[in-house]
Amino acid sequence: MAEVRLEHVWKIYDNGVEAVKDATFTVEDKEFVVLLGPSGCGKTTTLRMIAGLEEITKGTIYIDGKVVNDVEPKDRDIAMVFQNYALYPHMTVYENMAFGLRLRKFPKAEIDKRVKEAARILGIENLLDRKPRQLSGGQRQRVAVGRAIVRNPKVFLFDEPLSNLDAKLRVQMRAELKKLHHRLEATIVYVTHDQVEAMTMANKIVVIKDGVIQQIGDPHTIYNKPANKFVAGFIGSPPMNFINAKIIRGEGGLWVQTSGFKVKVPKEYEDALADYIDKDVTFGIRPENIYDKMFAYAPTPENTITGMVDVVEPLGSETILHVKVGDDLITAKVDPKTKAQEGQNIDLVLDMERMHVFDPETEKAVI
Ligand code: ATP
């Protein structure tokens, strides 16, 4: 059992910066939780407070149900993997992995067993005699993880461990960390600003902005039901389109009216919009929910809009279109077989079942 719980935790640095404001969340036993947010939002500070490397200004942190506010880092039974790996350059891989256990006066045979087992799990048995400088970035990263594994800690803390790797290796290590999580049945708290890492690895994502938690949920919920405009815009690539609009009553029900188009609101969303009729809203739709009409499943006049193609970006597996519609530039991720040409008109079909509406003042999601 290894559960981590933060209750109303604050970190106010001596210079007055409120890095973490009233954070409350639980990392369940064996859960892989990702703290996600832009640079400076307080992710690392949160992780360091869990590790005990940073004092808490207010609030309580529990590990396994016990308050650890005043427990030394070394007594918290956690292992942290840093962005820069922090390997000892003069020690071999074996010695790097064994070092923490030696300090704790583990018997030699036990150290040997644990190091070899971790090396086997990570596929680095053939590297044990090398020094860090004789390793690739990915291999160093594995050694850093190995050093955490040998400790057999209650909780693993990862601080952007993949950000120094090239794109291809990152994809590979992402899959490896995910497998490792299953294999070790470990409780993991993982910090990143990379939404793809969060979506692919997490059981639960905690989205943070300016020290404040915006939403806590599984990747599916965070993507499909973002709590506010910030979360909606942070997850997904290219990001969700946000368009100034009005909700109006029209033929057959409610419509979304913008400077350049009018589309019908599906019946099931009408109740939620009752308070917004004739009011300004922010209409949201993801690029992947907009289709070139030639490849659309169910185009109707009620979900089709027309615009002028500004830029075409073919990516092979899909094509990104930037289309001018009224005052807005809308991004669509369409079938790569599209015939769209810059400077020409195109009909786009919006999957209105997947529409979002945000309150323009509070930025909270209405739909
Ligand atoms: P990044 O992804 O860039 O590492 P982050 O989300 O991890 O960012 P933190 O490192 O937790 O953010 O920093 C949160 C805020 O606290 C920032 O505004 C930062 O400048 C500030 N901060 C961090 N460490 C200190 C410190 N020791 N003293 C004062 N302010 C600090």
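The structure this text deals with has already been given above.
Residues numbered from 1 in each chain as written. Predicted model: local features only at pLDDT ≥ 70, side-chain atom pairs only at ≥ 80, totals over all residues. Heavy atoms only, no water.

All right, on to the environment of S317 then. Within the secondary structure, S317 is located in the loop between β16 (304–314) and β17 (319–325). Accessibility expressed as a relative area gives 59% for S317, which makes it exposed. Along the backbone, S317 and R142 are 175 residues apart, and their C-alpha atoms lie at a distance of 32 Å. (Helix = DSSP H or I, 4+ residues; strand = E, 2+ residues; numbered from the N terminus. Buried < 20%, exposed > 50% of the residue type's maximum accessible area, 1.4 Å probe, protein only.)

A regular strand places its side chains so that they alternate between the two faces of the sheet. As paired elements, strand β1 (residues 4–12) and strand β2 (residues 18–27) share six bridges and run antiparallel to each other. Residue pairing for β2: V4 is matched across the bridge by V27. Between β1 and β2, which pair antiparallel and follow one another directly, the connecting turn spans five residues, one of which, G16, has a positive phi of 90°. (Pairing = 2+ DSSP bridges.)

Our next topic: the site of the ligand. The full set close to the ligand counts 13 residues, and S39, G40, K43, T44 and T45 are the nearest of them. S39 is positioned such that a nitrogen or oxygen atom in its side chain is 2.6 Å from an oxygen atom of the ligand. T44 is positioned such that a nitrogen or oxygen atom in its side chain is 2.6 Å from an oxygen atom of the ligand. Burial of the ligand by the surrounding chains reaches 61%, relative to a free accessible area of 630 Å². (Near = heavy atom within 4 Å. Polar contact = N/O pair within 3.5 Å; in protein donor to acceptor, adjacent residues only side chain to side chain. Areas by Shrake-Rupley, 256 points an atom, 1.4 Å probe, with all protein chains shown as cover.)

All quantities given are derived from atomic positions and should not be read as evidence of function.
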